[in-house]
Amino acid sequence: NLAENKFNCEFIVDQGGIESMREVMKHHSSNPAVMKEVARTLKNIASASPEYADMIAREGLLESCLNACASHPNECGTFAIEVMDSVLKNSSDPRGVAQRVVKNGGLQIFESTLKKYPN
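Residues numbered from 1 in each chain as written. Predicted model: local features only at pLDDT ≥ 70, side-chain atom pairs only at ≥ 80, totals over all residues. Heavy atoms only, no water.

A word on the overall build of the protein. If you tally the helices and strands in the protein, you get eight helices and zero strands. In the protein, the succession of helices and strands from N to C terminus is α-α-α-α-α-α-α-α. A compact globule built from 119 residues would reach a C-alpha radius of gyration of about 14 Å, and the protein, at 13 Å, matches this within 12%. Considered along the principal axes of its C-alpha atoms, the protein spans approximately 40 × 30 × 20 Å. Relative to all contacts within the protein whose residues are 6 or more apart in sequence, the contacts with residues 24 or more apart total 70%. Accessible surface, the protein as shown: approximately 6,800 Å² in total, 51% of it carbon and sulfur. Positive and negative charge centroids in the protein, built from 13 and 15 side chains respectively, lie 5 Å apart. (Helix = DSSP H or I, 4+ residues; strand = E, 2+ residues; numbered from the N terminus. Rg over C-alpha atoms; globule rule 2.2 N^0.38 Å. Contact = heavy atoms within 4.5 Å. Areas by Shrake-Rupley, 256 points an atom, 1.4 Å probe, with all protein chains shown as cover. Lys, Arg positive; Asp, Glu negative; His and termini not counted. Charge placed at Lys NZ, Arg CZ, Asp CG, Glu CD.)

Next up on the list: the nonpolar core. In terms of nonpolar packing, the biggest core is built from 33 residues, with Leu42, Ile45, Ile56 and Val87 touching the most fellow members. The set of elements that each furnish at least two residues to this core consists of helix H1 (6-14), helix H2 (17-28), helix H3 (32-48), helix H4 (50-58), helix H5 (61-71), helix H6 (77-90) and helix H7 (94-103). It is H3 that provides the largest number of residues to this core, a total of seven residues. Among residues more than four places away in sequence, those in contact with Ile45 are Ala3, Cys9, Ile12, Val13, Ile18, Tyr52 and Ile56. (Core = buried A, V, L, I, M, F, W, Y, C linked by side-chain atoms within 4.5 Å. Buried < 20%, exposed > 50% of the residue type's maximum accessible area, 1.4 Å probe, protein only.)

Turning to the environment of His28, a few remarks are in order. If you trace the backbone, His28 turns up in helix H2. Along the chain, His28 and Ala68 lie 40 residues apart, while their C-alpha atoms are 9.3 Å from each other. In this view, His28 contacts Val34 and Met35; residues no more than four positions away in its chain are not counted.

Looking now at the side chain of Ser29. With respect to the helices and strands, Ser29 occurs in the loop between H2 and H3. Not counting residues up to four positions away in its chain, the partners in contact with Ser29 are Val24, Met35, Ala68, His72 and Cys76.

Note on pairing: side chains with opposite charge can pair once their charged atoms come close. Following the criterion strictly, the structure yields nine salt bridges and no others. The closest approach of N and O atoms between Arg40 and Glu4, which form a salt bridge, is 3.8 Å. With Arg40 in helix H3 and Glu4 in the segment before H1, this residue pair connects regions lying 36 residues apart in the sequence. Relative accessible area serves as the criterion here: at 32%, Arg40 is assigned to the partly exposed category. Taking the shortest distance from any N to any O, the salt bridge between Arg100 and Glu63 comes out at 2.7 Å. Here Arg100, found in helix H7, pairs with Glu63, found in helix H5; they are 37 residues apart in sequence, far enough to count as distant. Since its relative accessible area comes to 27%, Arg100 is described here as partly exposed. One continuous salt-bridge network, built from bridges that share partners, spans Arg22, Glu23, Lys26 and Glu59. (Salt bridge = Lys/Arg side-chain N within 4 Å of Asp/Glu carboxyl O.)

This brings us to the packing of H1 against H3. Where H1 contacts H3, the two axes come as close as 9 Å, and the packing angle between them is 105°. Put simply, H1 runs roughly perpendicular to H3. Contacts between H1 and H3 involve Lys6, Cys9, Ile12 and Val13 on the former and, on the latter, Asn44, Ile45 and Ala48. Here the residues of the contact of H1 with H3 sort into five nonpolar, one polar and one charged. (Axes fitted to C-alpha atoms, helices over the stretch in contact; angles between N-to-C directions. Parallel < 35°, antiparallel > 145°, perpendicular 65-115°, else oblique. Nonpolar A, V, L, I, M, F, W, Y, C, P; charged D, E, K, R; others polar.)

Taken by themselves, the reported measurements are silent on function.
This is how it looks when you write it as structure tokens:
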């Protein structure tokens, strides 16, 4: 994964990689192999810089992650949760990220998923 290097993360972001990841998630949120790689890339980008974590949130990827959790909790939900966790941990505004997740029904989605898949 090219996003394992901070300088590569900068290049990926500069070339529109976050927007591309959003489109990939929109069309392939039910594919575990694709979602695993998207999650790995986005986690690394978010970890590279608080600015990038904030950009991921602004670009609507939190909502894409919540949609993946709601639609495909068993197959792809874990990967989506990993992205949200990385954005939350690395954002310059973690409270704002958490509020955005809650505002978009995140608590209900997580509760529903835990009831379906308690382990």
